[in-house]
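Results of the structural survey
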Amino acid sequence: MKSNRLNTLTNGIVKSNPTFRLVLGTCPTLAVTTQALNGLAMGAAVTFVLLCSNIMISLLKKVIPDRVRIPAFVVIIATFVTVVQMVMKKFLPSLYDALGVFLPLIVVNCIILARAEAFASCNPVLDSALDGLGMGFGFTLSLTFIGIVRELLGAGSFFGMPIGSLGNVSMTVFILPAGGFLVYGTLMALVNFLTGLAENRKYDSSHKEKKNEKEANV
Amino acid sequence: MSKYIVSSSPHIANERTVTTIMLEVLIALIPAVVASVYFFGFYALFLEVLSVGAAIGAEALFNLITKKEQTITDCSAAVTGLLLALNLPVSVPFYVPIIGSAFAIVFVKMLFGGIGKNFANPAIAGRIFLLLAWSAAMTSFVKPIVWSNGEAFSYFRCILKGRDGLVDVAAVSTATPLASLRFGAAKEGLLAMFLGNVGGSLGETSALALLIGGVYLIVRRIIDWRVPVTFIGTVAVFALIYGAAKGQPLAYVLPSVLGGGLFLGAFFMATDYSTTPNTKLGLTVFAFGCGLITSLIRFFGSYPEGVSFAILLMNIVTPYIDKACRPRPFGYVQKKGAKA
């Protein structure tokens, strides 16, 4: 049971990473990751909303009538998004401006709706909270990583700090939308390659006697 | 390779291989290379060598890492590298052609499966990547050199810092004929534009050199004459219409045709086999589309030049053109009621 819960938590970080494996929420992923900090902030906002909405929906799963569940989910999610928006506007106005329209758009972010629909509406509260946390963490990690790569190549800085004179030779294309697609696609290929490699290794070690035979065939 | 190759029709055998075709393209580009050295000095040649080397190196490295059969001997990487270099202004630092070629080969060509499977012309996509990456460096042009002043090596000063490495940037900066056309009439003489003694990227300035290479390719039947003729013709017609609307029907025609990368694009980039339609009708439609988009971007867009964007966009719609222009098989009767 305990390892099950751990699985629920880590599931969203690597195995079903929302950005690289499930390919959900690509719109904010491509739009806000021009800087690492924006990616981190977007990820944190989504994590908070995901955690709260998963808990709330899991608690209310018996109350919400099946036929109107999507509007009900959206109302719950919108409530938390409004909270995030107001807090950010008050305390982090520059980040609020940087994220712009993508902050309110978290309401219709498919990761949150997908987790509500696929997980929180049919699982206990603690599991739902862990799932939300794991998924949110995976999303944050991916967005921050894409942001770091794009900022480094596109503006020659790391979390806003210029690195040497890298800014003089930086390639603007990476902070333009085209560069977003490029980095996203390349990183996704890399993640798929690495997870494939890891899975193969797992497979090989569990089928050690078959391994030699397989290699002989190749 | 296996001796018995099973493949679909047509089973026409001839001496031509990918390698010989690419070598012929390289031969056809020699006049443009000579012109680029004549007008911009030996730094132009240096950039071209660097770009070709980077393209070949990137392809070799990619094949090595992915454990694929080595494909650099088909010379297509060299063509891509050279075309990309001919699309650069002379005042770019050394790393621009290297990164551009590597991007063109790895991202546009090899990741899609190598030669024949790329969706867009690698050189065009590489140029657009560089244009978005270093907009300022890619759109600022300098004057052709004067050999009698001993300027043959003068643009080597750009090697590290690009244009900032030049002693007096303002004195050597110049507009391309297309940019001056945008702000009124072209200042450059038509003869200078035809020969290439104007500002522009390495290989685009000399219409004469490109024409020699293009005609060679058409005569050797490497490329179909329909593409360059339709492409350039469409641009000329639209320039005529645009000029007529402004009250000077002829003022725009020749500068539009001779200026910018039209000849380079029409003869060498819009004729790439894998990214253009297969039928003659399809090629005509493709070239017309290229000309139309080029004219629209030149006259109404925010960039002074639109040849590369036009070719990239038409590369992307090529599968649909092929589908629409499918030839009727011999003896095939269209079913009643079914409309094409």
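Criteria and cut-off values
- Residues numbered from 1 in each chain as written.
- Chains lettered and ligands numbered in written order.
- Predicted model: local features only at pLDDT ≥ 70, side-chain atom pairs only at ≥ 80, totals over all residues.
- Heavy atoms only, no water.
- Helix = DSSP H or I, 4+ residues; strand = E, 2+ residues; numbered from the N terminus.
- Buried < 20%, exposed > 50% of the residue type's maximum accessible area, 1.4 Å probe, protein only.
- Contact = heavy atoms within 4.5 Å.
- Areas by Shrake-Rupley, 256 points an atom, 1.4 Å probe, with all protein chains shown as cover.
- Lys, Arg positive; Asp, Glu negative; His and termini not counted.
- Charge placed at Lys NZ, Arg CZ, Asp CG, Glu CD.
- Buried area = accessible area lost by both parts, 1.4 Å probe.
- Salt bridge = Lys/Arg side-chain N within 4 Å of Asp/Glu carboxyl O.
- Nonpolar A, V, L, I, M, F, W, Y, C, P; charged D, E, K, R; others polar.
- Patch = residues over 30% accessible without salt bridge, like charges linked within 9 Å, V, L, I, M, F, W, Y side chains within 5 Å.
- Polar contact = N/O pair within 3.5 Å; in protein donor to acceptor, adjacent residues only side chain to side chain.
- Phe/Tyr/Trp six-rings, centres within 6.5 Å; stacked < 30°, edge-to-face > 60°.
- Axes fitted to C-alpha atoms, helices over the stretch in contact; angles between N-to-C directions.
- Parallel < 35°, antiparallel > 145°, perpendicular 65-115°, else oblique.
- Left-handed = near helix turned anticlockwise from the far one by under 90°.

**Some thoughts on the overall build of chain A**
Across its full length, chain A holds 9 helices and 2 strands. Overall, chain A shows an N-to-C arrangement of helices and strands of α-α-α-α-α-α-α-β-β-α-α. Principal-axis analysis of the C-alpha atoms places the extent of chain A at approximately 60 × 55 × 25 Å. Expressed as a percentage of the 218 residues in chain A, the buried residues total 39%. Sequence separation of 24 or more characterises 74% of the internal contacts of chain A that already satisfy a separation of 6 or more. About 11,800 Å² of surface is accessible on chain A, with carbon and sulfur atoms providing 68% of the total. Looking at chain A, you have 18 positive and 11 negative side-chain charges, and the mean spots of the two groups are 6 Å apart.

**Thoughts on the interface of chain B and chain A**
The extent of an interface is frequently quoted as the accessible surface area lost upon association of the parts. Every contact between the two is made by 8 residues of chain B and, on the other side, 10 residues of chain A. Interface of chain B and chain A: buried area, both sides summed, is about 710 Å²; carbon and sulfur atoms make up 76% of it. The tally of links between chain B and chain A comes to 0 salt bridges. Sorting the residues of the side of chain B that touches chain A by element identifies α4 (95-109) and α5 (122-133) of chain B as the ones contributing at least two each. Here the element with the most residues in the side of chain B that touches chain A is α4 of chain B; it accounts for 4 residues. Taken together, the residues of the side of chain B that touches chain A break down into 8 nonpolar, no polar and no charged.

**Side note on a nonpolar patch on the surface**
A contiguous nonpolar surface patch, about 530 Å² in accessible area, is contributed by Leu152, Leu153, Phe158, Met161, Ile163, Leu166 and Val169 of chain A. Among the secondary structure elements, leucine 152 of chain A is positioned in helix α7 (residues 125-155).

**A short note on the side chain of asparagine 121 of chain B**
Residues and elements named next belong to chain B. For asparagine 121, the position within the fold is in the loop between α4 and α5. Under the relative-accessibility criterion, asparagine 121 is labelled buried at 4%. Of note is the side chain of asparagine 121, whose polar atom sits 2.9 Å from the backbone oxygen of methionine 269. Setting aside residues no more than four positions away along its own chain, asparagine 121 makes contact with Val108, Met269, Asp272, Thr275 and Asn315.

**Overview of the packing of aromatic side chains**
All names here are of chain B. Under the definition given, this model contains 22 aromatic pairs over all chains. Between the aromatic rings of tyrosine 43 and phenylalanine 46, the centroid separation amounts to 5.8 Å while the plane-to-plane angle is 25°, which identifies the pairing as stacked. Linking tyrosine 43 with phenylalanine 46, this pair stays in helix α2 (residues 42-65), spanning 3 residues, or about one helical turn. Seen from their ring centres, phenylalanine 94 and tyrosine 95 are 5.6 Å apart, and the 80° between their planes marks the pair as edge-to-face. Its relative accessible area of 30% is what places phenylalanine 94 among the partly exposed residues. The rings of Tyr38, Phe39, Phe42, Tyr43, Phe46, Trp147, Phe153 and Phe156 are connected pair by pair, giving a single aromatic cluster.

**What to know about the pattern of salt bridges**
Residue and element names in this part refer to chain B. One pass over the structure, following the stated rule, counts 9 salt bridges over all chains. A salt bridge links arginine 226 to aspartate 224; the nearest nitrogen and oxygen atoms lie 3.0 Å apart. For aspartate 224, a relative accessible area of 19% corresponds to the buried category.

**Focus on the packing of α7 of chain A against helix α8 (residues 177-206) of chain A**
Residues and elements named next belong to chain A. For the pair α7 and α8, interaxial distance at closest approach is 10 Å and the crossing angle is 125°. The pairing of α7 with α8 is recorded here as oblique in orientation. Between α7 and α8 the crossing geometry is right-handed. Residues Phe145, Ile146, Val149 and Arg150 of α7 form the contact with α8, whose own contacting residues are Pro177, Gly179, Gly180, Val183, Tyr184 and Leu187. By residue class, the composition of the contact of α7 with α8 is 7 nonpolar, 2 polar and 1 charged.

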